[in-house]
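A look at the structure
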Amino acid sequence: MKLSKKAKVTLVGAGPGAKDLITLKGLKAMQSADVILYDALVSEELLSEIDDSTLKIYVGKRCGKHSFTQDEINTLIVEHAFQYGHVVRLKGGDPFVFGRANEEIDYVESFGVVVDVIPGVSSVIAVPGSQGIPMTQRGISSSFWVMTATKKDGSFSQDLKFASQSETTMVILMGIRKFKEIIQEVIKYRNPLTPFAIIQNGTMKSESFSVGCIGDISGAVNNIEDSSPGIIVIGDVVAEHPSFFEEEVQRVLYSSL
Ligand SMILES: C[S@@+](CC[C@H](N)C(=O)[O-])C[C@H]1O[C@@H](n2cnc3c(N)ncnc32)[C@H](O)[C@@H]1O
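Because the structure is predicted, anything quoted here is derived from the model rather than measured. (Residues numbered from 1 in each chain as written. Predicted model: local features only at pLDDT ≥ 70, side-chain atom pairs only at ≥ 80, totals over all residues. Heavy atoms only, no water.)

Before going further, it helps to spend a moment on the site of the ligand. Close contacts around the ligand come from 19 residues, with Pro16, Val97, Ser122, Ser123 and Gly230 the closest. Met174 places a main-chain nitrogen or oxygen 2.9 Å from an oxygen atom of the ligand. Bound to the protein, the ligand loses 90% of the 570 Å² it would expose on its own. Looking at the shell around the ligand, the elements that each hand over two or more residues are helix 5 (123-130) and strand 10 (230-234). Partitioned by chemical class, the residues of the shell around the ligand number 11 nonpolar, seven polar and one charged. Mapped onto the domain boundaries, the shell around the ligand takes at least three residues apiece from domain 1 (8-118) and domain 2 (123-255). (Near = heavy atom within 4 Å. Polar contact = N/O pair within 3.5 Å; in protein donor to acceptor, adjacent residues only side chain to side chain. Areas by Shrake-Rupley, 256 points an atom, 1.4 Å probe, with all protein chains shown as cover. Helix = DSSP H or I, 4+ residues; strand = E, 2+ residues; numbered from the N terminus. Nonpolar A, V, L, I, M, F, W, Y, C, P; charged D, E, K, R; others polar. Domains from an automatic or database assignment.)

Turning to the environment of Ile50, a few remarks are in order. Its place among the elements puts Ile50 in the loop between helix 2 (44-47) and strand 3 (55-58). Spatially, the C-alpha atom of Ile50 lies 9.6 Å from that of Ile36, the residues being 14 residues apart in sequence. Setting aside chain neighbours within four positions, we find Ile50 in contact with Leu27, Met30, Gln31, Ile36 and Lys56. (Contact = heavy atoms within 4.5 Å.)

Okay, structure coming up:
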């Protein structure tokens, strides 16, 4: 164990999954940490870059493993900072995108402990981007809207409706389990031929990918792996993906038989 007793916390974005999509600054912070408290979406491969003299502690919220409450996580960060010194709080993607980073910063700072933030590559852009799906495209989409489909109580947010009514590229996080219901809502406002993509475990070896049109989601539904993190992209930019193009060609060919 490295001996450094000055309590300090660095909030680091780990990137979307692949171990080399963390920033250089983030990796350096990990290498200088006494303790790393990491989330469910942080890859084992990235953690294995750091030698075992650094304490690495899982504090995630994924089903199947013990799920830590936000209060427990806040307490653990502060306790470890006072006990060991430099704590890296490692979060998937970028800490400020659905990461509850502010809650952790406020709590830690209330103990007089300094918090630094090192941004991360967010899955929002990187996961579709690594598949060749742009967020914006001249003449096709001039904006993108990042959202979670449902609110705390499980009901759909108004944003889903408003985004569906526009031409924006919709990027929906944490929506995999509600994919069917999301599409049922979106199709009230958008052309059934609007393309969508679902990317799960993006940028990792286990990545999976489905595309289609919102008017026919049957193929994609069968490919969904409920327990893997996934992003849903809806909008004409998805048609940039080569497999979408191939599926469209086949659809046209079969419909003309
Ligand atoms: C709590 S949010 C955190 C997002 C994170 N802060 C970021 O910037 O990427 C978790 C959601 O992000 C999405 N996500 C994160 N990493 C992903 C990946 N590698 N592939 C697909 N979706 C991912 C999924 O929708 C997942 O449910």
